[in-house]
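Residues per chain are reported as follows:
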Amino acid sequence: MENSKHFVIDFDSTFTRVEALDVLGEISLKNHKNKSGALKKVKDITDLGMEGKLSFRESLEQRIETLQANKSHLPELVDKLSAQVSKSFIRNKEFIRKYSGNIYIVSNGFKDFIVPIVEPYGIDESRVFANEFEYDADGNIIGFNPDNLLSQNNGKPRQIEALNLEGEIYVLGDGYTDYEIKKAGIAHKFYAFTENVRREKVLENADHEAPTLDEFLYVNNMERALSYPKNRINVLLLENIHEHGIQKLKEEGYNVEVHPAGMDEDELIEAIKDVSILGIRSKTQVTQKVLESAKRLHAIGAFCIGTNQIDLETAQEKGIAVFNAPFSNTRSVVELVIGELIMLIRNLPDKIKSMHEGVWDKSAKNSFEIRNKTLGIVGYGNIGAQLSVLAESMGMKVCFYDREEKLALGNATQCSSLAELLGMSDVVSLHVDGRPENKEIIGDKEFSLMKDGVIFMNLSRGHVVDIAALKKHILSGKIIGASVDVFPEEPKSNQEEFISELRGLPNTILTPHIGGSTKEAQKNIADFVPGKIIDYINTGSTNNSVNFPNIVLPKLKDAHRFIHIHHNEPGILAKINHTLAENNLNIVGQYLKTNEKIGYVITDINKDYEQEVIKSLKDIKGTIRFRVLY
């Protein structure tokens, strides 16, 4: 860094996440008879001063008078503030230490508590410019040094001017008094720091918004903990993703946009031009055309079990990792199957409908117990297997068919063919995935193989059943009860009409794709999927990705990390290592995994590198995508 650049940094709500005097109030007013009212008064005065609506000196005088603080309160205040240093400052502690000679803490707060907080970051007391408390004989804080420039209105510009700094001055702060340095013509640029508080009036006057210290360092092309600020990572979440997931991504520092419904192909192409992370559920189709237009997309989160709505092959070819939630809503789907199974076998949908029409039909016609009935499960994955256990515990006999050999749970038996299962089951429940070869695996021929009076349930994928054939066999009486939660064509939002030839059929339960729509399941999904995406963006870990080789990586420490995604061709790893060796870069850790299409290699190096190295690694033939993590 050039010595001619100077960095003026505010303390309250910038270096720390809080206003120190507000925290002091929590300590000093602990036993005050109107603690909440006094604390609110302190905060209101602070905000008025920060927004420039109250002169600074008036703000300071009124707050000190209200606080009723004592020197004995300061050690506790320092302890609390030490735990409240802004996250991006903690993350970039090494930068602050390295360039402390170019950094000045200029604050309207007080040196009495600021110095102990910034000293561990390498900032000497001589570079801290702030107010000083005045005490009486009993240690009560009774005022401040009125001769200190920072106790006066326009104190910050006057203080910086008094330092006679030569070169460019950059100011980072959250309040109007920080902007005054630029307004006075002393600072080259003013960056509004919004990691902790966002003041619109301050933003209006800023040259640039800095949601984190990472952004400030990135814009000024300086060393930083993160190669790319998280606030520049745009996230688009569609289809009413659970609020927990939204908050988790926002708390990580990403720029998150939320859209309540799905999008068609053209809408999505337009929407994701500058998006790095896309979150969807089941309605939005992420096609080849969409993926080929998504130049900045790094990852897709399917906030559901299935991923058949995403062109996984094209995503892989483009170096876009896809994550889903294979286990998070299993219990919710199984409980709905059990509930609907009991309703159908008791003929309750028709009886409930009749009651609402005023018809009292008390009879046992078409009404049975589930005990001793045979449940045939097509697809013995996570949901099918758990359904097997619950159904057996309720007295049902369970058989299942799966294309792969599976370990039967309990007393369940695996059938050798789909036809065998269909011929012996009183209830058939589908739990298959959305792969193309599963399209209409149940059609007219399969329905004909079923027992007369069978119960049929599909809570898996819409395209796995021939809907016209299902309707035919319901109307013929072959199927005496049906439950369908998924459909070949589904509305993109709750405002669109649901159209299906299954509407109005006897003893038929139609639900709007809600197998996994419970509060518990949606919260679990909203925790799991963002967690995997964040790990991928932060460390390169691909654990649980459905289209990338799975690698679980250790946290990066004292090294730079290069992530190289390439076509699975011979010799690429050798070329990567040759490039590093040519540039005298030592490898401290390397992780490689491939699948039939791509190779995924992560390399950690322990020293700085020239940008030419990055260009050389990107230029290796077969490279799909390359990125750097610090």
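Just above sits the structure.
What you see is a predicted model, and the numbers here were worked out from it, not measured in a lab.

**Q** Help me out: how do you make sense of the overall build of the chain in this one?
**A** Within the chain, the regular secondary structure consists of 25 helices and 24 strands. In the chain, the proportion of contacts linking residues at least 24 apart, taken out of those at least 6 apart, comes to 63%. Per element, the accessible surface of the chain, about 28,900 Å² overall, is 47% carbon and sulfur. When the 76 positive and 90 negative side-chain charges of the chain are each reduced to one mean point, those points stand 3 Å apart.

**Q** How should the sheet that holds strand β20 (residues 508–510) be read in this particular structure?
**A** In a beta sheet, neighbouring strands pair by backbone hydrogen bonds and run either parallel or antiparallel. An order of β16-β15-β14-β17-β18-β19-β20 is seen for the seven strands of this open sheet, with the pairing classed as parallel. Whereas interior strands pair on both sides, the edge strands pair on one side only; in this sheet they are β16 (413–414) and β20. Of the pairings in the sheet, the one linking strand β15 (residues 397–401) to β16 comprises two bridges and is parallel in character. Residue Phe400 lies in a different strand from β16, and its bridge partner there is Gln414. Together, β14 (374–378), β17 (427–430), β18 (454–458), β19 (479–484) and β20 form the strand contacts of helix α17 (residues 330–345), whose direction differs from that of β18 by roughly 150°. Sheet strands in contact with helix α19 (residues 382–393) are β14, β15 and β17, and its direction is about 175° off that of β14.

**Q** I keep staring at a nonpolar patch on the surface and nothing clicks. Help me out?
**A** A cluster of nonpolar residues, Val389, Leu407 and Leu409, forms a patch on the protein surface that exposes about 280 Å² of accessible area. You can see Leu407 is positioned in the loop between β15 and β16. Note on Leu407: relative accessible area 72%, which makes it exposed.

**Q** I'm lost on helix α13 (residues 243–251) in this one. Help?
**A** Structurally, the α-helix is built with 3.6 residues per turn, so residues lying three or four positions apart point the same way. Of the residues making up α13, those classed as buried are Gly245, Ile246 and Leu249. Summarising the axial view, the buried residues of α13 lie within an arc of 100°, below the 170-degree limit, and thus occupy one face. The inward-facing, buried residues of α13 contact β9 (234–237), β10 (255–258) and α23 (519–539). Backbone geometry just downstream of α13 places Gly253 in the positive-phi region, at approximately 105°.

**Q** Would you mind showing me how to read the pattern of salt bridges here?
**A** In a structure, side chains of opposite charge can pair up when their charged atoms sit close to one another. Per the stated rule, a full pass over the model turns up 29 salt bridges. Salt bridges here are not isolated pairs; linked through shared partners, they connect Asp10, Lys156 and Asp178.

**Q** So what exactly am I meant to see when it comes to unusual backbone geometry here?
**A** As a rule of thumb, non-glycine residues mostly have phi less than zero, and peptide bonds are mostly trans rather than cis. Positive phi outside glycine occurs at Asn240, with the angle close to 55°. Of note, Asn240 is situated in the loop between β9 and α13. Assessed through its relative accessible area of 48%, Asn240 is described here as partly exposed.

**Q** How should the sheet that holds strand β22 (residues 587–594) be read in this particular structure?
**A** The four strands lie next to each other as β22-β23-β21-β24, forming an open sheet whose pairing is antiparallel. Two strands bound the open sheet, and with one partner strand each, they are β22 and β24 (623–629). In this sheet, neighbouring strand axes are inclined to one another by 10° on average, regardless of whether the strands run parallel or antiparallel. As paired elements, strand β21 (residues 560–567) and strand β23 (residues 598–605) share eight bridges and run antiparallel to each other. Among the inter-strand pairings, His567 is bridged to a residue of β23, identified as Ile598. Sheet strands touched by α23: β21, β23 and β24. Its angle to β24, the strand with the most contacts, is close to 80°.

**Q** Where do I start with helix α2 (residues 20–28) in this structure?
**A** By the criterion of burial, α2 is predominantly enclosed, with eight of the nine residues buried. For α2, the full list of buried residues reads Ala20, Leu21, Asp22, Val23, Leu24, Gly25, Ile27 and Ser28.

**Q** What exactly am I supposed to notice about the nonpolar core here?
**A** As a rule of thumb, nonpolar side chains are buried together in soluble globular proteins. Among the nonpolar cores identified, the biggest contains 48 residues, and Phe15, Ile105, Phe113 and Phe216 are the most heavily contacted of them. Once you skip the residues sitting within four places of it in the chain, Ile105 turns out to touch Ile9, Phe11, Phe15, Ile114, Val118, Ile123, Arg127, Val128 and Phe129. Leu249, Val256, Ile533 and Tyr600 belong to the second-largest nonpolar core, a separate cluster that totals 30 residues.

**Q** How should the side chain of Lys230 be read in this particular structure?
**A** Along the chain, the position of Lys230 falls in the loop between α12 (213–219) and β9. Classification of Lys230 by relative accessible area gives buried; the value is 12%. Side-chain polar atoms of Lys230 contact the side chain of Glu252, separated by 2.3 Å. Once you skip the residues sitting within four places of it in the chain, Lys230 turns out to touch Glu252, Gly253, Tyr254, Asn255 and Asn538.

**Q** Please explain the packing of aromatic side chains as it appears in this structure.
**A** The description of two aromatic rings rests on the distance between their centres and on the angle between their planes. Taken as a whole and judged by the stated rule, the model has 25 aromatic pairs. Plain terms: the ring middles of Phe15 and Tyr121 are 5.3 Å apart, the flat faces sit at 85° to each other, and that makes the pair edge-to-face. Placement of the pair is Phe15 in helix α1 (residues 11–15) and Tyr121 in the loop between α8 (111–118) and β3 (128–131), with a sequence separation of 106 residues. Given the relative accessible area of 1%, Phe15 is considered buried. By way of ring pairs, the aromatic residues Phe11, Phe15, Phe89, Phe110, Phe113, Tyr121, Phe133, Tyr135 and Phe193 are connected into one cluster. Across the ring face of Tyr135, the terminal group of Lys71 is positioned such that the distance to the ring centre comes to 5.0 Å. Over the face of the ring belonging to Tyr121 we find Lys93, whose NZ or CZ atom lies 4.7 Å from the ring centre.

**Q** Looking at this structure, how should I read the environment of Gln152?
**A** By the element assignment, Gln152 lies in the loop between β5 (141–144) and α9 (155–163). We classify Gln152 as buried; its relative accessible area is 18%. C-alpha of Gln152 to C-alpha of Asn108: the two residues are 44 residues apart in sequence and 9.2 Å apart in space. A distance of 3.5 Å separates a polar atom in the side chain of Gln152 from the backbone oxygen of Asn148. A polar side-chain atom of Gln152 sits 2.6 Å from a polar atom in the side chain of Arg158.

Rules used throughout
- Residues numbered from 1 in each chain as written.
- Predicted model: local features only at pLDDT ≥ 70, side-chain atom pairs only at ≥ 80, totals over all residues.
- Heavy atoms only, no water.
- Helix = DSSP H or I, 4+ residues; strand = E, 2+ residues; numbered from the N terminus.
- Contact = heavy atoms within 4.5 Å.
- Areas by Shrake-Rupley, 256 points an atom, 1.4 Å probe, with all protein chains shown as cover.
- Lys, Arg positive; Asp, Glu negative; His and termini not counted.
- Charge placed at Lys NZ, Arg CZ, Asp CG, Glu CD.
- Pairing = 2+ DSSP bridges.
- Axes fitted to C-alpha atoms, helices over the stretch in contact; angles between N-to-C directions.
- Patch = residues over 30% accessible without salt bridge, like charges linked within 9 Å, V, L, I, M, F, W, Y side chains within 5 Å.
- Salt bridge = Lys/Arg side-chain N within 4 Å of Asp/Glu carboxyl O.
- Buried < 20%, exposed > 50% of the residue type's maximum accessible area, 1.4 Å probe, protein only.
- Arc of directions from axis to C-beta.
- Core = buried A, V, L, I, M, F, W, Y, C linked by side-chain atoms within 4.5 Å.
- Polar contact = N/O pair within 3.5 Å; in protein donor to acceptor, adjacent residues only side chain to side chain.
- Phe/Tyr/Trp six-rings, centres within 6.5 Å; stacked < 30°, edge-to-face > 60°.
- Lys NZ or Arg CZ within 6 Å of the ring centre and 35° of its normal.

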